[in-house]
Amino acid sequence: MSRICLVVNMEEHNSEAWRITRNVMKTHLGHSALYCLCQFIQTGEGKGNTALVRGSVCLVGKSLWGPQRIEQLNSYSPMTILPTFVEALNFDHPLVIFEVITQLSTLVDKSCYDLRATGTDAVLSLVEMLLIAIPEKVQRDATMKGNMLTSVHNIISTFEKLILESCHTMIM
């Protein structure tokens, strides 16, 4: 899995790496592969290796709530996986933070109506941490910093719309 995490970062091999990952995740090895990906992020193995951690975050997100998510892994709620993404924020690299935001945005865009209270709380806690981490860790590239903050703001806006919709539904 570590090699696939490295290769998924290469644009010319991204789709092939994802195809291989999908095939592994659909087998009896899917849960073990997901565990390995989370371990790359949580343990010291990923420290100092931006591509490994970013690739792990990417593959975890795509597998669980991406457009081609793996149905065999439906038993994992965002609440159980998002603490792993919190660990990824401890990795001091803008590309890792960018990947966390990308996967979090995908989760909220695809599943905002399906999130339970605990999942919503986990998402919002991660958003809060991102709002602290981005100014601290993304200092050199103002454009990237602005894009990241805009993406986080869009996540917040999605939840605000949900609140307004539910209030409107309750009134009617």
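Residues numbered from 1 in each chain as written. Predicted model: local features only at pLDDT ≥ 70, side-chain atom pairs only at ≥ 80, totals over all residues. Heavy atoms only, no water.

1. Focus: the packing of aromatic side chains
A complete count under the given rule lists one aromatic pair for this structure. Seen from their ring centres, Trp-65 and Phe-85 are 5.9 Å apart, and the 70 degrees between their planes marks the pair as edge-to-face. On the criterion of sequence distance, the pair formed by Trp-65 in helix α4 (residues 50-65) and Phe-85 in helix α5 (residues 78-89) is long-range, its members being 20 residues apart. (Phe/Tyr/Trp six-rings, centres within 6.5 Å; stacked < 30°, edge-to-face > 60°. Helix = DSSP H or I, 4+ residues; strand = E, 2+ residues; numbered from the N terminus.)

2. What about the layout of surface pockets?
The calculated volume of the largest pocket comes to roughly 380 Å³. If you trace the largest pocket, you find 17 residues lining it, with Tyr-76, Ser-77, Pro-78, Ser-111 and Asp-114 closest to the centre. Those elements that place two or more of their residues in the lining of the largest pocket are α4, α5, α6 (94-111) and α7 (117-137). Classifying every residue of the lining of the largest pocket by side-chain character gives seven nonpolar, six polar and four charged. (1 Å grid on protein atoms, 1.4 Å probe; cavity = no way out; pocket = protein on both sides within 12 Å on 5 of 7 lines; lining within 4 Å. Points joined across faces, edges and corners; volume = space filled by probe spheres on them. Nonpolar A, V, L, I, M, F, W, Y, C, P; charged D, E, K, R; others polar.)

3. Describing the side chain of Thr-50
Structurally, Thr-50 can be placed in helix α4. When its relative accessible area of 19% is taken as the criterion, Thr-50 is described as buried. (Buried < 20%, exposed > 50% of the residue type's maximum accessible area, 1.4 Å probe, protein only.)

4. Some details on the packing of α4 against α5
Any two packed helices are characterised by the angle at which their axes cross and by the distance between the axes. Viewed as axis vectors pointing N to C, α4 and α5 meet at an angle of 165 degrees, and their least axial separation amounts to 11 Å. Between α4 and α5, the crossing angle belongs to the class labelled roughly antiparallel. In this structure, the crossing between α4 and α5 has a hand that is left-handed. Seen from α4, the contacting residues are Val-53, Val-57, Val-60, Gly-61, Leu-64 and Trp-65; seen from α5, they are Pro-78, Ile-81, Leu-82, Phe-85 and Ala-88. Considered class by class, the residues forming the contact of α4 with α5 number 10 nonpolar, one polar and no charged. (Axes fitted to C-alpha atoms, helices over the stretch in contact; angles between N-to-C directions. Parallel < 35°, antiparallel > 145°, perpendicular 65-115°, else oblique. Left-handed = near helix turned anticlockwise from the far one by under 90°. Contact = heavy atoms within 4.5 Å.)

5. Some words on the confidence of the model for the protein chain
Overall, the predicted model of the protein chain reaches an average pLDDT of 89, with 94% of residues at or above 70. Across the protein chain, the secondary-structure element scoring lowest on mean pLDDT is helix α8 (residues 142-171), at 83, and the one scoring highest is helix α2 (residues 14-25), at 95. (pLDDT = per-residue confidence, 0-100.)

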